Amino acid sequence: MADKKVSILKAFKTIIWPRRNLVFIGLLLIVISKAASFVTPIATKYVIDDAFANKDVDLLKYLVGAIMIAITIQAATSFLLTYILSVQAQFLISELRAQVQKQVLSLPIRFFDNTKSGALVSRIMSDVEGVRNLIGTGLVQLVGGTVTAIVALILLLRISVTMTLFTLLPLAIFGFIALRAFKIIRPIFRNRGKINAEVTGRLTETLGGVRVIKGFNAEAQENKIFEVAVGKLFENVKKSLIATAAMTSSATFLIGIATTGVMGLGGYKIIQDELTIGQFIEFTVILGLMIAPIVQMSNIGSQLTEALAGLDRTEELMNQVTEADEKNRTIKLANIKGDMVFKDVSFAYEEDKEVLHDISFEAKSGDVIALVGSSGSGKSTIAGLAATFLNPDAGKITIDGNDLAKVDLTSFRQYLGVVLQDDFLFEGTIKENILFPRPNASEMELRAAVKAAYVDEFTDRFDDGLDTLIGERGVKLSGGQRQRIAIARAVLANPKVLILDEATSNLDTESEALIQKSLAELTKGRTTFVIAHRLSTIRKANQILVIENGRIAEQGTHDELIASEGRYYDLFTYQARI
Ligand SMILES: Nc1ncnc2c1ncn2[C@@H]1O[C@H](COP(=O)(O)OP(=O)(O)OP(=O)(O)O)[C@@H](O)[C@H]1O
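What counts, and where the lines are drawn
- Residues numbered from 1 in each chain as written.
- Predicted model: local features only at pLDDT ≥ 70, side-chain atom pairs only at ≥ 80, totals over all residues.
- Helix = DSSP H or I, 4+ residues; strand = E, 2+ residues; numbered from the N terminus.
- Rg over C-alpha atoms; globule rule 2.2 N^0.38 Å.
- Buried ≥ 20, exposed ≤ 12 C-beta atoms within 10 Å, placed from the backbone.
- Contact = placed C-beta atoms within 7 Å.
- Core = buried A, V, L, I, M, F, W, Y, C linked by C-beta atoms within 7 Å.
- Near = placed C-beta within 6 Å.
- Nonpolar A, V, L, I, M, F, W, Y, C, P; charged D, E, K, R; others polar.
- UniProt positions renumbered as here; feature names shortened; annotations may be inferred.
- Expected span 1.5 Å × (residues − 1).
- Domains from an automatic or database assignment.
- Pairing = 2+ DSSP bridges.
- Axes fitted to C-alpha atoms, helices over the stretch in contact; angles between N-to-C directions.
- Parallel < 35°, antiparallel > 145°, perpendicular 65-115°, else oblique.
- Left-handed = near helix turned anticlockwise from the far one by under 90°.

Which residues make up the overall build of the protein chain, and what values go with them?
Looking only at helices and strands, the protein chain features 22 helices and 12 strands. A compact globule built from 578 residues should have a C-alpha radius of gyration of about 25 Å, whereas the protein chain, at 35 Å, is more than 25% larger. Burial statistics for the protein chain: of 578 residues in total, 35% are counted as buried. Within the protein chain, counting contacts between residues at least 6 apart in sequence, those at least 24 apart form 80% of the total.

In structure tokens form, the structure reads like this:
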């Protein structure tokens, strides 16, 4: 998968061809600009050989005028070139970023379990930047440069065949070296993106987990890991620098040889009266016009290489199967009641390591299903399946009789709500965080949600109330307060199916009581799967599933399970004791 490369042809088809008009204008501009660049050397020859020799002031005026016009054209075209192409390239970069971000968000949860978020940030932000060189001035320069080199070559041959042939040999050697160097440089660039993503990924994690790092006094270890990672990055940059430097210096050396040869050979021809001084100067300047693009090629070549390497990685990401790609998801739910049935459901995260076995139960609309059991028994996995974050490997989950594996995800998830343990709050105001699932909810709905979750109990004490900023730039909230915001958010979303992962952290009794009340409010009339830690929640549940090693060990209401004095009874009496 990693070796699949974006070919120049493909990049041409998908990126350049759709913008052919702009690229064509770019090419036209570069041809005009390059054509204008020949005016100076040719005019110089006439200045020296004719105007000076014949003391022809009129010719001099005419030639100086021509040079002035040519220079103006060059300046204008180069400005337009950058303006048109670079702006278009940046526009394309923003478009691509948006596309990649969209793609990333449409990937299944399992993808995120295995990918560092920092790495994804780098994929979205940096990898697409390479197209700047494809659509921007890079490619046009390359084409323009090649055309210039060919025209220059013809002009040089017309001035002196021997001198031209003499310069071609070192240039051919350089071309050969450059081609070899690109082969070496491309994988280095490919790798750089990968290393960069790794480093950013680790760094994001380090900063996010700073409490754990400090708490375990693990700074030194973390520094070491980071040092090794940046070291790898350095090695990569060093390699590409060396390869580029070798190319540039061989260019300097070989061009030096060519120029020296021209000087010697040309000087000899002047002495022999086979060449005029004007022609000699014309030759030297035109030679410059031919060499410049060839040397530039090394630069542009590595830019294009980088662009293609970035696109390789983008392409890899774009080829990942998204949730929406699942073709069998054809049932669009228009409205749901919320009856959910698990029938013989099995699931494995990794092949041959089944973590859920033959899970069967029914959740009637509005029921609260409490999932209890020891750590790692499979409670979150069941909740993940109910939320369509995971798909069963065997068996079936139905919603109102429809196979959940065939249901269009958006149509189901609009009726889904989640309140997770460490619920995610964004930087912004409390109000924005509550409105997050339904930004256009009315003020009344907002108020109702705020009341139901007892958020006003603490926001009333803030000067800015619901408009108080939270997060890095605002107030810090307690665990209980954060939970209440998450609950208000879920109330506002008004889901039919609710996944609730109760926080295990102990809250003070007052906060606990408020959360109890708000949860009772939230679960009313919704099919709720709750990974339950609170006895009060469990007691009130319509059905308790005791999960052990991926199986339902016991199933029933609190009273039933207590009466049967089984696993639940043990768990309950143990918890009640402490
Ligand atoms: N993303 C994953 N990839 C591979 N294995 C996983 C993944 N997530 C969970 N598991 C495994 O699946 C099993 C069930 O995990 P699950 O998270 O459902 O348990 P749980 O009952 O919710 O545990 P806890 O109460 O500790 O949260 C565990 O053995 C766990 O190691």
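Please set out the nonpolar core residue by residue, giving values where relevant.
Ranked by internal contacts, the top residues of the largest apolar core, which has 68 residues, are A370, L371 and A488. The leading source of residues in this core is helix α18 (residues 479-493), at eight residues. Among residues more than four places away in sequence, those in contact with A370 are V530, A532, T537, I538, A541 and I544. Of all hydrophobic cores here, the second largest spans 52 residues; its members include I135, L142, L275 and A309.

Any chance you could break down the site of the ligand for me, citing the residues and the numbers?
Around the ligand sit D113, Y349, E350, V355, G373, S375, G376, S377, G378, K379, S380 and T381, and that is every residue in its neighbourhood. At the level of secondary structure, the elements contributing two or more residues to the shell around the ligand comprise β1 (340-350) and α13 (379-386). Considering each element in turn, the shell around the ligand owes the most residues, three residues, to α13. When grouped by side-chain class, the residues that make up the shell around the ligand number two nonpolar, seven polar and three charged.

I'd love a proper account of the UniProt feature "transmembrane region" (unreviewed entry) in the protein chain, names of residues and values included.
The positions UniProt marks with the feature "transmembrane region" (unreviewed entry) are residues 21-42, 62-85, 133-157, 163-182 and 241-265. Between the C-alpha atoms that bound residues 21-42 there is a distance of 32 Å. The span itself is 95% helix and 0% strand. In this annotation, residues 241-265 is assigned 100% helix and 0% strand; the end-to-end C-alpha distance for the span is 35 Å.

Provide a residue-level description of helix α11 (residues 219-271), including the pertinent values.
With 53 residues, α11 should reach 78 Å at 1.5 Å per residue; the first-to-last C-alpha distance of 75 Å fits that figure. Every buried residue of α11 is accounted for by S240, M247, A251, L254, I255, A258, V262 and G266. After α11 finishes, the residue D273 shows a positive phi value of roughly 65°.

For the environment of Y349, give the residues involved together with the corresponding values.
Examined against the element boundaries, Y349 turns out to sit in strand β1. The spatial distance from the C-alpha of Y349 to the C-alpha of D393 is 9.5 Å, given a sequence separation of 44 residues.

I'd love a proper account of the domain arrangement of the protein chain, names of residues and values included.
With domains assigned, the protein chain is organised as domain 1 (8-316) and domain 2 (426-494). Computed from C-alpha atoms alone, the centre-to-centre distance between domain 1 and domain 2 is 52 Å.

Outline the sheet that holds strand β2 (residues 353-363), supporting the account with residue identities and numerical values.
Spatially, four strands are ordered β2-β1-β4-β5 in an open sheet, and the strand pairing comes out antiparallel. Two strands in the sheet have a free side with no partner beyond their single neighbour: β2 and β5 (402-403). Where β1 lies against β2, seven bridges are found, and the strand directions are antiparallel. Looking at β2, one finds that A348 is bridged to E354.

Could you give an account of the sheet that holds strand β12 (residues 551-556), naming the residues involved and the relevant values?
Pairing within the open sheet is mixed, and its six strands lie in the order β6-β9-β10-β3-β11-β12. On the outer flanks of this sheet lie β6 (416-419) and β12, each paired with one strand and no other. Each strand axis lies, on average, 20° off the axis of its neighbour in the sheet, ignoring direction. Bridge count for strand β9 (residues 497-501) against strand β10 (residues 527-531) is five bridges, and the pairing is parallel.

Describe the packing of helix α2 (residues 20-37) against helix α4 (residues 57-105), and please don't skip the residues or the numbers.
Running from N to C, α2 and α4 point in directions that differ by 155°, and their axes come no closer than 9 Å. The orientation of α2 relative to α4 falls into the category roughly antiparallel. Here the hand of the crossing between α2 and α4 comes out left-handed. On the side of α2, the interface is formed by L22, I25, G26, L29, I30, I32, S33, A36 and S37, while α4 contributes A70, I73, Q74, T77, S78, L80, L81, I84, L85 and Q88. Its residues assigned to classes, the contact of α2 with α4 comprises 12 nonpolar, seven polar and no charged.

Could you give an account of the packing of α4 against helix α6 (residues 117-125), with specific residues and numbers?
α6 packs onto α4 with a crossing angle of 145° between their chain directions and a minimal axis gap of 8 Å. Packed against α4, whose contacting residues are R97, V100, Q101 and V104, the element α6 presents L120, R123, I124 and M125 at the interface. A breakdown of the residues in the contact of α4 with α6 according to their chemical character gives five nonpolar, one polar and two charged.

Just give me the short version of α13, but keep the residues and values in it.
Burial runs high along α13: seven of the eight residues are buried. Within the sequence span of α13, burial applies to K379, T381, I382, A383, G384, L385 and A386. Directly after α13, the chain includes T388, whose backbone phi takes a positive value near 60°.

Describe the pairing of strand β11 (residues 543-548), naming the residues involved and giving the relevant values.
Where strand β3 (residues 368-373) and β11 come together, five bridges link them in parallel fashion. Bridge pairing in β11 links L371 to L545. Note: β11 against β12, five bridges, orientation antiparallel. Bridging from a neighbouring strand, E548 pairs with R551 of β12.

Lay out the environment of E554 in plain terms, naming residues and giving numbers.
By the secondary structure assignment, E554 is in strand β12. When the 19 C-beta atoms within 10 Å are taken as the criterion, E554 is described as partly exposed. Separated by 12 residues in sequence, E554 and G566 place their C-alpha atoms 7.9 Å apart. The contact partners of E554, leaving out residues within four places of it in the chain, are V546, L561, G566, R567 and Y568.

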